[in-house]
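The primary structure of each chain is shown beneath.
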Amino acid sequence: MSTKDRVLSGIQPTHDSFHLGNYLGAVKQWVELQDSHDAFYCVVDLHALTTSPDPTKFRKQTLASVAQLIALGLDPEQCTLFIQSHVPAHNQLAWVMECLAGFGEASRMTQFKDKSAKSGADRTVVGLFTYPMLMAADILLYQAHQVPVGEDQRQHIELTRDLAQRFNTTYKEIFTIPSGYILKAGAKIYDLQDPTSKMSKSAESPNGIIDLMDAPEINTKKIKSAVTDTEREVKFDEKNKAGISNLLTIYGALTNKSIAESEKDFEGKGYGDFKTGVAEVVVEFFRPIRAKALELLEDPTHLNKILKIGAEKAGAVAEKTLKDTYDAMGIIPRA
Ligand code: AQP
């Protein structure tokens, strides 16, 4: 067994492409952590069912998500890459988590409150309410020490910690208590058209989202049309210059420069030149990744082989935790 600390994270296959927020907030850290940690990463298709996806599109998006993760730098030899539904223990432990979580604490999850407020109570599925308990199961099954996610997931990680602690004190010390691995810079990338809202796959308009699978011209146009302010100086000031600050964060994260260095690159330059500079960096960063993802998608057999190995490795760890959990709760194993 590996002596390295373990990490786990997941991403939903809800769209044809991941966006820049998914990459900078989460996947960039996944790639970095796969060498130093025993890393488990999954495409959380069961979570995505809360969005009632079209079955034909969903199949494609799930495989496209796997291809993008590999193209972004996940190495299936270094990490365990799998699809959540291929390991049934996720659903099984989720039920245990649902029986531990209080209705009140689940009702306080802001992601549920925001999303259900958007679609209205009648169109909100129960799965959206129980989503954080499935996420807790994802994490706890693998005894993850760290969970690399964006800022929007902080509350779900806190709930996971509470549930793990509650289980451990009520029954037996089964679960590792995980911590969020949330960076300061890049943990929240904002919509280019509304730089006070997070860049989000489900935003009403696609104009503020940079999708990694989009053609370079589309992303260049979106960056050049990003909302800024009436001033002239390229300076980081989240309160008064949200749009410029967001672009500086993106530029710095993709070039591995600090905010001060990024500001310096555009000293004395206007917003037009700045946007052109950011667009070039984004487009050149994603160009080879998009090409690699498209190439991988031409060979689904190869991707499925990777996923089979991933599911076997993940299943072995998950089943052991589930067995220990059931045992601690007094559930009799099948003879
Ligand atoms: N804007 C963001 N900035 C930083 N990190 C972000 N993440 C998502 N948006 C941002 C991080 O991406 C990872 C995968 O999240 P997910 O599969 O839950 O993605 P999502 O929530 O479907 O992505 P969206 O775009 O935010 O979708 P909707 O609109 O459905 O809510 C997570 O680690 C997340 O923190």
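For the structure, see preceding data.
So, here's what we can say about the structure.

Scoring rules and cut-offs
- Throughout this description, residue numbers start from 1 for each chain and increase along the sequence as written.
- Thresholds applied to this predicted model are a pLDDT of at least 70 for local features of residues and 80 or more for the giving and counting of side-chain atom pairs; totals over whole chains, interfaces and linings are not thresholded and use all residues.
- The basis for every side-chain value is the complete set of non-hydrogen atoms in the structure, without hydrogens or water.
- A run of H or I in DSSP counts as a helix once it spans at least four residues, and a run of E counts as a strand once it spans at least two, with each numbered from the N terminus.
- Here the radius of gyration uses the C-alpha set of atoms, whereas the globule reference equals 2.2 Å times the residue count to the power 0.38.
- Accessible area is worked out with a 1.4 Å probe on protein chains only. A residue is then buried under 20% of its type maximum, exposed over 50%, and partly exposed in between.
- By definition in these notes, contact holds between two residues if any of their heavy atoms fall within 4.5 Å.
- Working definition of accessibility: Shrake-Rupley area with a 1.4 Å probe, residue cover restricted to the visible protein chains.
- A positive count includes Lys and Arg, and a negative count includes Asp and Glu. His and the chain ends are not counted in either.
- Lysine's charge is taken at NZ, arginine's at CZ, aspartate's at CG and glutamate's at CD.
- The near set for a molecule or strand comprises every residue that places at least one heavy atom within 4 Å of it.
- Counting of polar contacts relies on pairs of N or O atoms within 3.5 Å, with two restrictions inside protein: one atom must be capable of donating a hydrogen and the other of accepting it, and residues adjacent in sequence are counted only when both atoms are side-chain atoms.
- Only buried residues count toward a nonpolar core. Its members are Ala, Val, Leu, Ile, Met, Phe, Trp, Tyr and Cys residues joined through side-chain atoms within 4.5 Å.
- Here, a salt bridge means any Lys or Arg side-chain nitrogen found within 4 Å of an Asp or Glu carboxyl oxygen.
- When two rings of Phe, Tyr or Trp (its six-membered ring) have centres within 6.5 Å they constitute a pair, described as stacked for plane angles under 30 degrees, edge-to-face for angles over 60, and tilted for the intermediate range.

### Some words on the overall build of the protein chain
Per the secondary structure count, the protein chain includes 13 helices and five strands. Radius of gyration (C-alpha) of the protein chain: 21 Å, near the 20 Å computed for a compact globule of 335 residues. Referenced to the eigenvectors of the C-alpha coordinate spread, the extents of the protein chain come out at roughly 75 × 45 × 40 Å. Residues classed as buried in the protein chain amount to 51% of the 335 residues present. Sequence separation of at least 24 residues holds for 76% of the intrachain contacts in the protein chain that already meet a minimum separation of 6. Carbon and sulfur atoms make up 52% of the accessible area of the protein chain, which totals about 16400 Å². When the 39 positive and 44 negative side-chain charges of the protein chain are each reduced to one mean point, those points stand 1 Å apart.

### Remarks on the site of the ligand
Residues in contact with the ligand amount to 22 residues; listed here are only the nearest, Asp 152, Lys 198, Ser 200, Lys 201 and Ser 202. Asp 152 is positioned such that a nitrogen or oxygen atom in its side chain is 2.4 Å from an oxygen atom of the ligand. For the ligand, an oxygen atom lies 2.2 Å from a polar atom in the side chain of Ser 200. Protein chains bury 97% of the 630 Å² of accessible surface belonging to the ligand in isolation.

### A look at the nonpolar core
Within the largest apolar cluster, 56 residues are counted, with the highest numbers of intra-cluster contacts made by Tyr 41, Leu 69 and Ile 250. Breaking this core down by element, the ones donating at least two residues are strand E1 (6-11), helix H1 (20-36), strand E2 (38-43), helix H3 (55-71), strand E3 (80-83), helix H10 (242-255), helix H12 (271-297) and helix H13 (300-329). Top element by residues in this core is H12. It accounts for 10 residues. When sequence neighbours within four positions are dropped, the list of residues in contact with Leu 69 reads Ile 11, Phe 18, Val 27, Trp 30, Val 43, Leu 74 and Leu 81. Counting 44 residues, the second largest nonpolar core, distinct from the first, contains Val 87, Ala 101, Leu 141 and Val 317.

### Thoughts on the pattern of salt bridges
Under the defined criterion, the tally for this structure stands at 12 salt bridges. The salt bridge involving Lys 241 is made with Asp 229; its shortest N-O contact spans 3.7 Å. Here the residue Lys 241 occupies a position in the loop between helix H9 (216-224) and H10, and Asp 229 occupies one in the loop between H9 and H10, the gap between them amounting to 12 residues. Salt-bridge contacts for Arg 287 lead to Glu 284; the nearest nitrogen and oxygen are separated by 2.9 Å.

### Brief notes about the side chain of Gln 84
Its place among the elements puts Gln 84 in the loop between E3 and helix H4 (89-100). Among the polar contacts listed, one links the side chain of Gln 84 to the backbone nitrogen of Asp 45, at a separation of 3.4 Å. Beyond its immediate chain neighbours, meaning those up to four positions away, Gln 84 contacts Cys 42, Val 43, Val 44, Asp 45, Leu 46, His 47, His 90, Leu 134 and Asp 138.

### Quick look at the packing of aromatic side chains
Per the counting criterion, the structure on display carries 12 aromatic pairs. Ring centres of Trp 30 and Tyr 41 lie 4.7 Å apart, and the angle between their planes is 5°; on these two criteria the pair is classed as stacked. On the criterion of sequence distance, the pair formed by Trp 30 in helix H1 and Tyr 41 in strand E2 is long-range, its members being 11 residues apart. For Trp 30, a relative accessible area of 0% gives the class buried. On the accessibility criterion, Tyr 41 (0% relative accessible area) is buried.

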